[in-house]
Amino acid sequence: MNNVILIRFNEIHLKGGNKKYFTKLLVNNIKYALHDFECKIENIQNRIVIRDYTDESGIIEALKCVFGIHSISPAIELDNDPKLISDFVATIKVEGGFKCDVNRADKTFPIKSNDFNADLGEIVLSNNKNAYVDIHNPDTVIHVDIRENGKTFIFHEIIYAYSGLPLGENRDGLLLLSGGIDSPVAGFCMAKRGLRQDILHFDSFPYTSPQAKEKVITLAKSIKKFIGAKYMYICSMTKLQEEFHVSCASEYAINLLRRSMIRVANKLCEKYKYKTIITGESLGQVASQTIESLTTTNAVAEYPVLRPLISFNKDEIIEIAKEIGTYETSILPYEDCCTVFLPRNPVIKPKIKEAEFEESKINLDYLISAVIDNIEIIKL
């Protein structure tokens with residue numbers, strides 16, 4: 001009899017011939033998440049088992065952040081022997097309503113699931129005077145998971161994780177991370193679909209403060225456990241914004257800034273082989289997020305721009321931010337570069353030709369090159 005942690009997955013089951021590949025990704029991601037813990041990781045058919053550990057609660061907290069995991073249970077491991085299982089169930093203390101739930105993945109096990117459910121229920125009743133069977137709304141469910149590898153796992157607690165798909169092996173995405181609430185949530189949502197991301201942040205020092213920069217670095221470190229980020233690129237947009245302010249129509253300032261951000265992201269995607277750009281934009285939330293504004297921004301994109309929050313309202317975004325632990329940092333009162341030289345009346349229906357005309361007033365290629373040449377790279 002051993003104490004183990006049992007890990008289950010769900011969406012990976014739908015991957016058909018690619019299931020083995022996704023399972024391997026998940027196991028590798030679990031190994032990475034648990035590299036600071038003493039334990040052994042075993043991949044059995046349709047389950048992953050953590051054994052020989054010392055810090056159960058710490059391991060479970062780390063596993064909850066691994067995409068691809070559906071649920072986690074501290075469990076007792078026994079051999080697939082009806083008497084061993086029955087003897088252990090006889091020691092379980094239960095009060096109130098309960099039911100037994102036998103999953104007989106090992107079809108060679110000599111007792112069928114429904115029959116064994118009844119047998120184990122009788123054992124629990126005979127050893128717990130305050131227990132009664134409640135099939136529909138039990139206080140306790142005694143799960144008995146009989147697996148094909150000859151082992152049975154008995155547990156009552158199920159801890160749900162985020163499911164989704166395991167992060168891929170490559171750094172495929174570049175997350176545009178501001179200091180606000182939305183962009184960390186956008187990174188989280190794309191990571192849930194298996195997209196590993198690094199981080200790109202824009203600042204405007206000295207118009208933005210060192211505290212604003214540190215705030216975003218803190219956010220980056222908070223979400224790296226979800227998105228698999230290893231690098232953070234920090235780009236100064238100060239010279240560009242000063243040129244926009246002096247030379248271009250003020251109502252286009254935010255739109256020109258957004259287009260410049262995408263141009264910088266294009267260059268980094270080309271240099272470091274990222275395949276896509278992720279932003280935290282939500283349709284209609286601010287002037288730069290109207291259909292026309294997004295269209296004008298997309299016009300300069302050379303890589304797909306993913307906007308996972310496009311249909312979310314603010315309350316939905318805040319709820320996720322609180323859940324993943326980024327909200328309190330995001331609301332710290334430090335400005336970001338989008339607040340610099342903010343126009344009184346930003347254009348809400350910009351036109352691509354008008355944006356291009358405003359950009360023609362400055363040496364844009366030179367300024368973008370200067371941004372790229374002075375990037376600060378932080379290893380997270």
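Everything below is about the structure shown above.
Values in this document were obtained by computation on a predicted structure and should not be read as measured data. (Residues numbered from 1 in each chain as written. Predicted model: local features only at pLDDT ≥ 70, side-chain atom pairs only at ≥ 80, totals over all residues. Heavy atoms only, no water.)

A. Expanded view of helix α5 (residues 182–191). Taking burial as the measure, the ten residues of α5 include ten buried ones, the bulk of the element. Those residues of α5 not exposed but buried are Asp-182, Ser-183, Pro-184, Val-185, Ala-186, Gly-187, Phe-188, Cys-189, Met-190 and Ala-191. (Buried < 20%, exposed > 50% of the residue type's maximum accessible area, 1.4 Å probe, protein only. Helix = DSSP H or I, 4+ residues; strand = E, 2+ residues; numbered from the N terminus.)

B. Structural detail: unusual backbone geometry. In this model, Phe-205 is joined to Pro-206 through a cis peptide bond whose omega is 10°. Within the secondary structure, Pro-206 sits in the loop between β11 (197–203) and α6 (210–227). Look at Asn-46: it is not a glycine, yet its phi comes out positive at around 65°. Here Asn-46 lies in the loop between β2 (40–44) and β3 (47–51).

C. Molecular detail of the packing of helix α8 (residues 253–272) against helix α12 (residues 352–359). The geometry of α8 relative to α12 is characterised by a closest axis approach of 10 Å and an angle of 80° between their N-to-C directions. Classified by the interaxial angle, the pair formed by α8 and α12 is roughly perpendicular. Side by side, α8 and α12 meet where Asn-255, Leu-256, Arg-259 and Arg-263 of the first sit next to Ile-352, Ala-355, Glu-356, Glu-358 and Glu-359 of the second. In terms of residue class, the contact of α8 with α12 is built from three nonpolar, one polar and five charged. (Axes fitted to C-alpha atoms, helices over the stretch in contact; angles between N-to-C directions. Parallel < 35°, antiparallel > 145°, perpendicular 65-115°, else oblique. Contact = heavy atoms within 4.5 Å. Nonpolar A, V, L, I, M, F, W, Y, C, P; charged D, E, K, R; others polar.)

D. Representation of the pattern of salt bridges in the model. Enumeration according to the criterion identifies 18 salt bridges in this entry. A salt bridge links Asp-52 to Lys-40; its shortest N-O distance comes to 3.5 Å. With a gap of twelve residues between them, Asp-52 in the loop between β3 and α2 (56–63) and Lys-40 in strand β2 connect regions that are remote in the sequence. We classify Asp-52 as partly exposed; its relative accessible area is 45%. For the salt bridge of Arg-147 with Glu-148, the shortest nitrogen-to-oxygen distance reads 3.4 Å. The class for Arg-147 is buried, based on a relative accessible area of 3%. Taking relative accessible area as the criterion, Glu-148 reaches 34% and is therefore assigned partly exposed. A single salt-bridge network, built from bridges that share partners, covers Arg-47, Asp-145, Arg-147 and Glu-148. (Salt bridge = Lys/Arg side-chain N within 4 Å of Asp/Glu carboxyl O.)

E. Quick look at the packing of α5 against α6. Following both chains from N to C, one finds α5 and α6 inclined at 10°, their axes separated by 9 Å at the closest point. As the angle between them shows, α5 and α6 are arranged roughly parallel. For the pair α5 and α6, the contacting residues are Pro-184, Gly-187, Phe-188 and Ala-191 in the first and Leu-219, Ile-223, Phe-226 and Ile-227 in the second. Classifying every residue of the contact of α5 with α6 gives seven nonpolar, one polar and no charged.

F. Focus on a negative patch on the surface. Together, Asp-315, Glu-316, Glu-319 and Glu-323 give the surface a local cluster of negative charge. With respect to the helices and strands, the residue Glu-316 is situated in helix α10 (residues 314–324). Take Glu-316: its relative accessible area is 37%, and that puts it in the partly exposed class. (Patch = residues over 30% accessible without salt bridge, like charges linked within 9 Å, V, L, I, M, F, W, Y side chains within 5 Å. Areas by Shrake-Rupley, 256 points an atom, 1.4 Å probe, with all protein chains shown as cover. Lys, Arg positive; Asp, Glu negative; His and termini not counted. Charge placed at Lys NZ, Arg CZ, Asp CG, Glu CD.)

G. Expanded view of the nonpolar core. If you look at the biggest cluster of nonpolar residues, it comprises 35 residues, and the most contacted ones within it are Leu-177, Val-185, Phe-188, Ile-199, Phe-226, Ile-227 and Met-232. Among the elements of the structure, α5, α6, β12 (231–236) and α10 are those that each provide at least two residues to this core. No other element matches the seven residues that α6 contributes to this core. The contact partners of Val-185, leaving out residues within four places of it in the chain, are Leu-309, Ile-317, Ile-320, Ala-321 and Ile-324. Leu-256, Cys-337, Ile-362 and Leu-364 belong to the second-largest nonpolar core, a separate cluster that totals 31 residues. (Core = buried A, V, L, I, M, F, W, Y, C linked by side-chain atoms within 4.5 Å.)

The analysis is restricted to geometry; functional conclusions fall outside its scope.
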